[in-house]
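Listed here are the chains, written in short residue letters.
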Amino acid sequence: MMKKIRTNWLGLLLAMAVIISLILSGLIWASPYANSHVRNDANNMNKQFTAQSIGDIYLPTEIVRVNGSGNQFRMYGQHANAALTAQNTLSKWHLLHLTRVGRGDSQDYLDTLRTPHSLVLSYATPIPTSIFNQTFSQELNTNRIPQIQRIVLPSNNQHVMYLLDDRNFQVYRVDITNNNTDKIKKLVQQSSGHQLPMDHQVVGKTLFTVYPHGVKLPVYAYQVVGQNVDNVTGNLLNTRQSSNLNQRREGQQITYSNNGRRLTYDESTGIIDYVNYTGKDSNPSTQQLYNTVYQRLRRIGTALDCLHFDDYSRKHQQITFRSYVQSFPIFNENDYGLVQITESNQGIEHFRFSRYSLQTPLPVKESSTRLPSTASILNQLKAAGKEKQVTGLRLGYLWQTGATHHGVTLEPTYLIKYHGNWLDYHDVLK
């Protein structure tokens, strides 16, 4: 017997290794959440190396198709990503002459947005034309048109497109060659996915996206991934000169510092606040700022899959990136899924972001939520005497955290920019 075992010892060891491997795999599959945050932290840090390109981060987030009658429909949940399809198509076009054909005329501006048989791509906040050029592989003159908020792509005109800026309702016509509009035409004509009837309305000097019939949007749920704070601290604070960190705790806040850099982590909210006093006064151009901020975004190590450019404050030299779901922005009172990066001309870098981000979709019991028409919301604001303090209104989702941070529900709602802050419309109307 012993002789037979000695003869076949290699085969026996191999069989035992296979059995042990199967047992361990079974345990892992039976309890998928037991090691989730450890595995997720590691995966999350690796995402910075497979992150979206600068063109993906600065893609338009609202895609609207306009039918032959000039009626607008917001698109989401299509099988193919409409924004990426438009980007790939436009990047192959040759943009020639740029001519301003409208300024200060809000009705002409609205008519352009309702161009029949067209696709309209919009940003929540204008982007500099230099970033448009990078995103869509173009070379437009940035002096002729400094910033762009909306792109109108007619599908039945082979020779022109339009670039719009809400500021002063400016409309620019761009002559184009080497353009094939077949894919744009398919997007305009397609019926797949979901489409919300909508329109644009000017109130005072502000352009609002309105939904005249109310909307019905799905409820989503996601598993949440949390960045490893030690890894973030190492990424941001360690330098070639020093890797020695000073640590101080006050309640639920932990502050790390090293060589003019300070990072504060709030354990109760998951918010990380980082400041770097570079000691170098700088006044970056707009293009330099957007490119620099993108590099800083990659350096943080946060997951970029759902993250998109959302806002820019010229006064504070601050760019905000926000998590999106199906082209709709996500909001939370604790700023989960948010990244704000400031590059001040006093030589101060300031990052504020949440360690939590969305990862895996989860099933939900409640399938959808119905919201009232935009006109109803605006009328209620007017009745409450608050309409003059409102400078923006958009559809979005509220990040609702459960008992733990491992799973969240995303509830659709209207977000209103009230006194400069985005709030759930229920809170503004209280």
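As shown above, the structure is provided for reference.
Keep in mind it's a predicted model, so treat the numbers as computed, not measured.

1. Remarks on the packing of helix H5 (residues 82-90) against helix H8 (residues 182-189)
Where H5 contacts H8, the axes come no closer than 9 Å and their chain directions differ by 155°. Between H5 and H8, the crossing angle belongs to the class labelled roughly antiparallel. Helix-helix and strand crossings are classified by hand; for H5 and H8 the assignment is left-handed. Facing H5, whose interface residues are Ala 82, Thr 85, Ala 86 and Thr 89, H8 presents Lys 183, Ile 184 and Leu 187. The residue makeup of the contact of H5 with H8, split by class, is four nonpolar, two polar and one charged.

2. Observations concerning the nonpolar core
Within the largest apolar cluster, 59 residues are counted, with the highest numbers of intra-cluster contacts made by Phe 132, Met 161, Leu 163 and Phe 321. The element contributing the most residues to this core is helix H10 (residues 286-300), with six residues. Those residues in contact with Met 161 that lie beyond four places of it in its chain are Leu 90, Trp 93, Leu 95, Ile 151, Val 152, Leu 153, Pro 154, Tyr 172, Arg 173, Val 174 and Ile 176. Membership of the second largest hydrophobic core comes to 46 residues, among which are Val 64, Val 152, Leu 196 and Val 224.

3. Topic: the pairing of strand E17 (residues 318-325)
Where a strand is regular, its side chains alternate between the two sheet faces. The buried fraction of E17 is high, at seven of eight residues. As paired strands, strand E16 (residues 307-313) and E17 are joined by six bridges and run antiparallel to one another. Among the inter-strand pairings, Asp 311 is bridged to a residue of E17, identified as Thr 320. As paired strands, E17 and strand E19 (residues 338-343) are joined by five bridges and run antiparallel to one another. Paired with Gln 318 across the two strands is Thr 342, which belongs to E19. Sheet topology places E17 next to strand E18 (residues 328-331); two bridges connect them, and they run antiparallel. Residue Tyr 324 lies in a different strand from E18, and its bridge partner there is Pro 329. Between E17 and the antiparallel strand that follows it, E18, lie two residues; Gln 326 among them carries a positive phi value of about 50°.

4. Quick word on the packing of helix H7 (residues 129-136) against H10
Following both chains from N to C, one finds H7 and H10 inclined at 50°, their axes separated by 8 Å at the closest point. Between H7 and H10, the angle falls in the class oblique. Packed against H7, whose contacting residues are Ser 130, Ile 131 and Gln 134, the element H10 presents Gln 287, Tyr 290 and Asn 291 at the interface. For the contact of H7 with H10, the class distribution of residues is two nonpolar, four polar and no charged.

5. A closer look at the sheet that holds strand E1 (residues 62-66)
Reading across from one edge, E3-E7-E6-E5-E4-E1-E2-E8-E9 is the order of the nine strands in this open sheet, with antiparallel pairing throughout. The open sheet has two edge strands with one neighbour each: strand E3 (94-102) and strand E9 (206-210). Across the sheet, the axes of successive neighbouring strands diverge by a mean angle of 30°, strand direction being ignored. Looking at chain direction, E1 and strand E2 (residues 72-76) are connected through three bridges and run antiparallel.

6. Topic: the pattern of salt bridges
What the rule picks out here adds up to 14 salt bridges. Across the salt bridge formed by Asp 199 and Arg 114, the nearest N and O atoms sit 3.0 Å from each other. Here Asp 199, found in strand E8 (residues 194-203), pairs with Arg 114, found in the loop between helix H6 (106-113) and strand E4 (118-128); they are 85 residues apart in sequence, far enough to count as distant. Taking the relative accessible area as the measure of exposure, Arg 114 reaches 23% and is therefore partly exposed. With a shortest N-O distance of 3.3 Å, Arg 296 and Glu 343 are connected by a salt bridge. In this pair, Arg 296 is assigned in helix H10 and Glu 343 in strand E19, connecting sequence segments 47 residues apart. Neither Arg 296 nor Glu 343 differs from the other in exposure class; each is buried.

Reading the values: the criteria
Residues numbered from 1 in each chain as written. Predicted model: local features only at pLDDT ≥ 70, side-chain atom pairs only at ≥ 80, totals over all residues. Heavy atoms only, no water. Axes fitted to C-alpha atoms, helices over the stretch in contact; angles between N-to-C directions. Helix = DSSP H or I, 4+ residues; strand = E, 2+ residues; numbered from the N terminus. Parallel < 35°, antiparallel > 145°, perpendicular 65-115°, else oblique. Left-handed = near helix turned anticlockwise from the far one by under 90°. Contact = heavy atoms within 4.5 Å. Nonpolar A, V, L, I, M, F, W, Y, C, P; charged D, E, K, R; others polar. Core = buried A, V, L, I, M, F, W, Y, C linked by side-chain atoms within 4.5 Å. Buried < 20%, exposed > 50% of the residue type's maximum accessible area, 1.4 Å probe, protein only. Pairing = 2+ DSSP bridges. Salt bridge = Lys/Arg side-chain N within 4 Å of Asp/Glu carboxyl O.

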